[in-house]
Amino acid sequence: MKEYIVGKFTDIFGDSTNSKVYFAPGRVNLIGEHTDYNGGHVFPCALTIGTYAVVRLRSDQRLRFYSLNFEEIGVIESSLDDLKPREEAQWTNYLKGVIWAFKQKGYQIPCGFDILLYGTIPNGSGLSSSASVEVLMGYILNDIFELGVSNQDLALIGQFSENSFNGVNCGIMDQFAIAMGKKDCAIFLDTSNLEFQYAKIKLDGFKIIISCSNKKRGLGDSKYNERRRECEEALAQIQSVKKVGTLGELSAKEFEEIKDSILSEVNRRRAKHAVYENVRTIQAVEALKNNDLVRFGQLMNESHRSLRDDYEVTGVELDTLVETAWEIEGVIGSRMTGAGFGGCTVSLVKDEVVDTFIQKVGKVYKDKIGYEADFYVVEIGDGPCKL
């Protein structure tokens, strides 16, 4: 891969002498969806698929971007003196946002660079291609300019750039999972205080399969910000009867006692999901510690039902993938993952039925939706690195 992308860099930008090569993973969240901005727990892991970059410093302030995933767009140019989000800048807004965020935080970025990207994450899949790019850019700036930023702070800078530069009100989970990824481990993260622990994933006899719906969606133009606002409204009404900082602080019992303080029935269901999903995530990690994969799978299934019925972020594509998976013997858990409204599902599937799973789910999906889903048997990988 390294030789391939360096060769491409040479084709596009000329000499690749003094260039450096980097990688940042994508991520999948095993359970704990739409809890990260509600002060709850999440349980994501980094993947071995992700985003590669070749970078060469320049002697001026110019920035030149090229992606092998969007070759038809060609080179997009900008400058360190012009770090503003622009529609015509397209995917490079994620990179520019991180550079802008570093400068906002007081770090010196003394010169521009040429950068070529190649991503092995399906675009718009919900496996965090945008966060992968953000963490990658942060890691590159940190290394190349010797800024001394920790990986945890790279995650926070990535989130800050997406919130403040690109206008997507995302939580911390995606950037954190990517920046802090560890092979064969998921991250049990309390998003209210960023306390975390690594949990070993032992999948003896099982595989993680990502099913990509191929329904494109963008967080900014989806109902993501709307869901966030509904939860904030619900929390404000709860706070009129109980001293609580986030929905993630509530137990299921406490929520049931005060849920009538939420006047809107819709907002009540949104808050219910946030509270119960947080409880499920804590229980799921406990199940893993007890080597109880079957219980973990049951909690994944419950998570999807809640996302479908209470949070309403699944849609016919994701429901078709999950509900078909549930019917296959040897699938112990399946749920949508990511923000929803398209994107992907994650399933735990017995080794011997992996081919059957892909064939059956793929056929039902194409027959019902009219186009094909893509399937990825994935492994849990490390965080960002220099290659």
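Note: the structure precedes this text.
Residues numbered from 1 in each chain as written. Predicted model: local features only at pLDDT ≥ 70, side-chain atom pairs only at ≥ 80, totals over all residues. Heavy atoms only, no water.

Trainee: I tried to follow the overall build of the protein chain on my own but got confused; where do I start?
Mentor: On a plain count of helices and strands, the protein chain comes out with 11 helices and 13 strands. What you see for the protein chain is a C-alpha radius of gyration of 21 Å, in line with the 21 Å of a compact globule of 387 residues. The principal-axis extents of the C-alpha atoms in the protein chain amount to approximately 60 × 50 × 40 Å. Within the protein chain, contacts between residues separated by at least 24 positions form 71% of all contacts whose residues are at least 6 apart in sequence. Element-wise, carbon and sulfur atoms account for 45% of the exposed surface of the protein chain, whose accessible area totals about 15,700 Å². Treating the 45 positive side-chain charges of the protein chain as one cloud and the 55 negative ones as another, the clouds have centres 1 Å apart. (Helix = DSSP H or I, 4+ residues; strand = E, 2+ residues; numbered from the N terminus. Rg over C-alpha atoms; globule rule 2.2 N^0.38 Å. Contact = heavy atoms within 4.5 Å. Areas by Shrake-Rupley, 256 points an atom, 1.4 Å probe, with all protein chains shown as cover. Lys, Arg positive; Asp, Glu negative; His and termini not counted. Charge placed at Lys NZ, Arg CZ, Asp CG, Glu CD.)

Trainee: Would you mind going over the pairing of strand 7 (residues 185-190) with me for this structure?
Mentor: Both faces of the sheet carry side chains from a regular strand, because those side chains alternate between them. Where burial is concerned, most of strand 7 is hidden: six out of the six residues are buried. Of the two faces of strand 7, both are covered, the one formed by Cys185, Ile187 and Leu189 as well as the one formed by Ala186, Phe188 and Asp190. The sheet contact formed by strand 2 (residues 41-42) and strand 7 spans two bridges and is antiparallel. What sits directly across from Val42, in strand 7, is Leu189. Looking at chain direction, strand 7 and strand 8 (residues 195-200) are connected through six bridges and run antiparallel. Bridging from a neighbouring strand, Asp190 pairs with Glu195 of strand 8. Joining the antiparallel neighbours strand 7 and strand 8 is a turn of four residues, in which Leu194 adopts a positive phi near 65 degrees. (Buried < 20%, exposed > 50% of the residue type's maximum accessible area, 1.4 Å probe, protein only. Pairing = 2+ DSSP bridges.)

Trainee: Help me out: how do you make sense of the sheet that holds strand 7 in this one?
Mentor: Backbone hydrogen bonds are what pair the strands of a sheet, in a parallel or an antiparallel way. One open sheet accounts for three strands, arranged 2-7-8; its pairing is antiparallel. Each edge of the open sheet carries a strand with a single partner, namely strand 2 and strand 8.

Trainee: Before we go on, may I ask you to explain the sheet that holds strand 13 (residues 385-386) in this structure?
Mentor: The six strands lie next to each other as 5-4-6-3-1-13, forming an open sheet whose pairing is mixed. Every interior strand has two partners, whereas the edge strands, strand 5 (76-79) and strand 13, have only one. Here strand 1 (residues 20-29) pairs with strand 3 (residues 44-57) via nine bridges, running antiparallel. Counterpart to Val21 in the pairing with strand 3 is Val54. Those strands touched by helix 1 (residues 2-13) are strand 1, strand 3, strand 4 (62-67) and strand 6 (113-119), and its axis lies near 135 degrees from that of strand 6. Along the sheet, helix 3 (residues 129-144) makes contact with strand 1, strand 3, strand 6 and strand 13, crossing strand 1 at roughly 145 degrees. (Axes fitted to C-alpha atoms, helices over the stretch in contact; angles between N-to-C directions.)

Trainee: Where do I start with the packing of helix 2 (residues 92-104) against helix 3 in this structure?
Mentor: If you want to describe how two helices pack, look at the angle between their axes and the distance between the axes. Where helix 2 contacts helix 3, the two axes come as close as 9 Å, and the packing angle between them is 45 degrees. Relative to helix 3, helix 2 is oriented oblique. Considering how the two elements wind past one another, helix 2 and helix 3 form a crossing that is right-handed. In contact with Tyr94, Leu95, Val98, Ile99 and Phe102 of helix 2, helix 3 contributes Ser130, Val133, Glu134, Met137, Gly138 and Leu141. Broken down by class, the residue content of the contact of helix 2 with helix 3 amounts to eight nonpolar, two polar and one charged. (Parallel < 35°, antiparallel > 145°, perpendicular 65-115°, else oblique. Left-handed = near helix turned anticlockwise from the far one by under 90°. Nonpolar A, V, L, I, M, F, W, Y, C, P; charged D, E, K, R; others polar.)

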